[in-house]
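What follows is the residue order along each chain.
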Amino acid sequence: MLQIQDTLVSLDLAERFFCCDLDKCLGECCIEGDAGAPISEAEYARLKDVLPTVKDRLLPSALERIKEAGVAYVDEEGDLVTQIVDGRNCVFTTYGPGGKCLCAIESAYREGKTKWRKPMSCYLYPVRITRYSAFTAVNYHRWKICRCAEALGRAKGIRLYQFLREPLTERFGKEWYDELCEACEAYLAEYGD
């Protein structure tokens, strides 16, 4: 583990190569799993605010689910998460050519129709943040659907911490991210593969 300020960061962020390969995985991280994406109370409010902007992009079944149950729910573990539909899709999932899964919120953001990209847990994925009383843990969520991203990252020489520069900086700040880079580089210089 690397200690960066009040966080403990998994060595996976330094050791693992990673670069999303949407053409191969088709965005499966947005549709697989047993619950929606973890969100904060503030993000719950933002989801409701952005809904009118992205509503026309959503699947009919997602619109029906939102009408019945809202944009989020509390899962079995007590976490607030985005609503899911059809037993798998986040309600903000859309599909592009070739069955590629896309986020309606991020698509609207890229088109300049909203200033919010998407919930932080989605932006940071495949990293998961867990808060404890004394520290915050930053861990890589290893999942077989991301093997193609690990292969592409290795081919391009992009480490996980480098791939996630923007979301990690947004979540923790530039000073924190700069410290992470220094720690990862020092670790790799001594123990690199």
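Our structure is the block above this text.
What counts as what
Residues numbered from 1 in each chain as written. Predicted model: local features only at pLDDT ≥ 70, side-chain atom pairs only at ≥ 80, totals over all residues. Heavy atoms only, no water. Pairing = 2+ DSSP bridges. Helix = DSSP H or I, 4+ residues; strand = E, 2+ residues; numbered from the N terminus. Axes fitted to C-alpha atoms, helices over the stretch in contact; angles between N-to-C directions. Contact = heavy atoms within 4.5 Å. Salt bridge = Lys/Arg side-chain N within 4 Å of Asp/Glu carboxyl O.

In this structure, what is going on with the sheet that holds strand 10 (residues 136-140)? I would like to understand it.
Neighbouring strands of a sheet are bound in pairs by backbone hydrogen bonds; such pairs are parallel or else antiparallel. Strand order in the open sheet made by the four strands is 1-2-10-9, with mixed pairing throughout. In this open sheet, the two edge strands, each paired with only one partner strand, are strand 1 (2-4) and strand 9 (127-131). Shown here is a sheet whose adjacent strand axes are inclined to one another by a mean of 25°, direction ignored. Inspection of the sheet shows strand 1 paired to strand 2 (residues 7-9) by three bridges, in the antiparallel sense. Along strand 2, the bridge assignment pairs Ile-4 with Thr-7. Along the sheet face, helix 10 (residues 174-191) touches strand 1, strand 2 and strand 10 and points at about 155° away from the line of strand 1.

Would you take a moment to explain the environment of Arg-131 for this structure?
Assignment of secondary structure puts Arg-131 in strand 9. For Arg-131 and Trp-116, which are 15 residues apart along the polypeptide, the C-alpha to C-alpha distance reads 23 Å.

I tried to follow the pattern of salt bridges on my own but got confused; where do I start?
Side chains that differ in sign of charge can pair as their charged atoms come close. Following the criterion strictly, the structure yields eleven salt bridges and no others. The closest approach of N and O atoms between Asp-23 and Lys-100, which form a salt bridge, is 2.7 Å. Note that Asp-23 is positioned in helix 2 (residues 22-25) and Lys-100 in the loop between strand 7 (93-95) and strand 8 (101-103), a separation of 77 residues in sequence. One connected set of salt bridges, linked through shared partners, spans Glu-106, Arg-110, Arg-117, Lys-118, Arg-165 and Glu-166.

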